[in-house]
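So you can see what is in the structure, the chains are spelled out below.
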Amino acid sequence: MQKCILIYDDDAEILMLCTLLLQKQNYKVETRAICDNVVADIKSVKPDIILMDLWIPTTGGEEAIRQIREDASLKDIPVLLFSANDDIEKISKSSAANGYVQKPFDIHSFLKTIKKWIKT
C-alpha cells in the first residue's frame, strides 16, 4: 500500500519540489499552505508522516505539533519539523517533533530521513 506524506509549507516551490521528489519514490503526497485546521486535515488525509514548516501560517509549526500531540488518535504519527532556522534541532526537541529536516536540504539526506520515519 502506498505511504502518504502530508507536507505543511507556505513556499509553493518547496511544496512542488518535495512533491516531485517523493512521488518519484512512490509516495502519495498531500500539501497544505496553512495549518489552521491541522487536526481536521490529518484526520481527513490519514498520513503516515507529516513534514511541518516551523513558520507555517497562521498557527505556526510548534503550536500545530502541540495540537497533534494532544489528540490521542494522532499522537503516534511521526512529525518532522521542516525549516531553515539555525536552532531547528533544539526547537524540534522542545516541540515534541520526532525529528527535523533542515532547509536547504540535500536530496539524498531528505529521502533517507523520510524513509527512516515511515512505518513499513
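Quick caveat, the model's predicted, so the values are computed rather than measured.

1. Let's talk about the layout of surface pockets
Item 1. Volume-wise, the largest pocket comes out at about 170 Å³.
Item 2. If you go around the largest pocket, the residues you meet are M1, Q2, K3, C4, K28, K46, P47, D48, D76, I77, P78 and K119.
Item 3. Residues of the lining of the largest pocket, tallied by class, amount to five nonpolar, one polar and six charged.

2. Comments concerning the pairing of strand β3 (residues 49–53)
Item 1. A large share of β3 lies buried, amounting to five of its five residues.
Item 2. Judged by which residues are buried, β3 turns out to be covered on both faces: I49, L51 and D53 on one side and I50 and M52 on the other are all buried.
Item 3. Where strand β1 (residues 4–8) meets β3, four bridges bridge the pair, whose relative direction is parallel. When the bridges of β3 are listed, I5 appears paired with I49.
Item 4. Looking at chain direction, β3 and strand β4 (residues 79–83) are connected through four bridges and run parallel.

3. Digging into the packing of helix α1 (residues 12–24) against helix α5 (residues 107–117)
Item 1. Following both chains from N to C, one finds α1 and α5 inclined at 65°, their axes separated by 11 Å at the closest point. Note on packing geometry: the crossing formed by α1 with α5 is right-handed. Contacts from C18, L21 and L22 in α1 reach I107, F110, L111 and I114 in α5.
Item 2. Residue composition of the contact of α1 with α5, by class: seven nonpolar, no polar and no charged.

4. Re the pattern of salt bridges
Item 1. Throughout the structure, instances matching the rule amount to nine salt bridges.
Item 2. For D71, the salt bridge is made with K43, and the minimal N-O distance between the two is 3.0 Å. In this pair, D71 is assigned in the loop between α3 (61–70) and β4 and K43 in helix α2 (residues 38–45), connecting sequence segments 28 residues apart.
Item 3. Linked through salt bridges whose partners overlap, the residues forming this network are D9, D53 and K103.

The rules we used
- Residues numbered from 1 in each chain as written.
- Predicted model: local features only at pLDDT ≥ 70, side-chain atom pairs only at ≥ 80, totals over all residues.
- Heavy atoms only, no water.
- 1 Å grid on protein atoms, 1.4 Å probe; cavity = no way out; pocket = protein on both sides within 12 Å on 5 of 7 lines; lining within 4 Å.
- Points joined across faces, edges and corners; volume = space filled by probe spheres on them.
- Nonpolar A, V, L, I, M, F, W, Y, C, P; charged D, E, K, R; others polar.
- Buried < 20%, exposed > 50% of the residue type's maximum accessible area, 1.4 Å probe, protein only.
- Helix = DSSP H or I, 4+ residues; strand = E, 2+ residues; numbered from the N terminus.
- Pairing = 2+ DSSP bridges.
- Axes fitted to C-alpha atoms, helices over the stretch in contact; angles between N-to-C directions.
- Left-handed = near helix turned anticlockwise from the far one by under 90°.
- Contact = heavy atoms within 4.5 Å.
- Salt bridge = Lys/Arg side-chain N within 4 Å of Asp/Glu carboxyl O.

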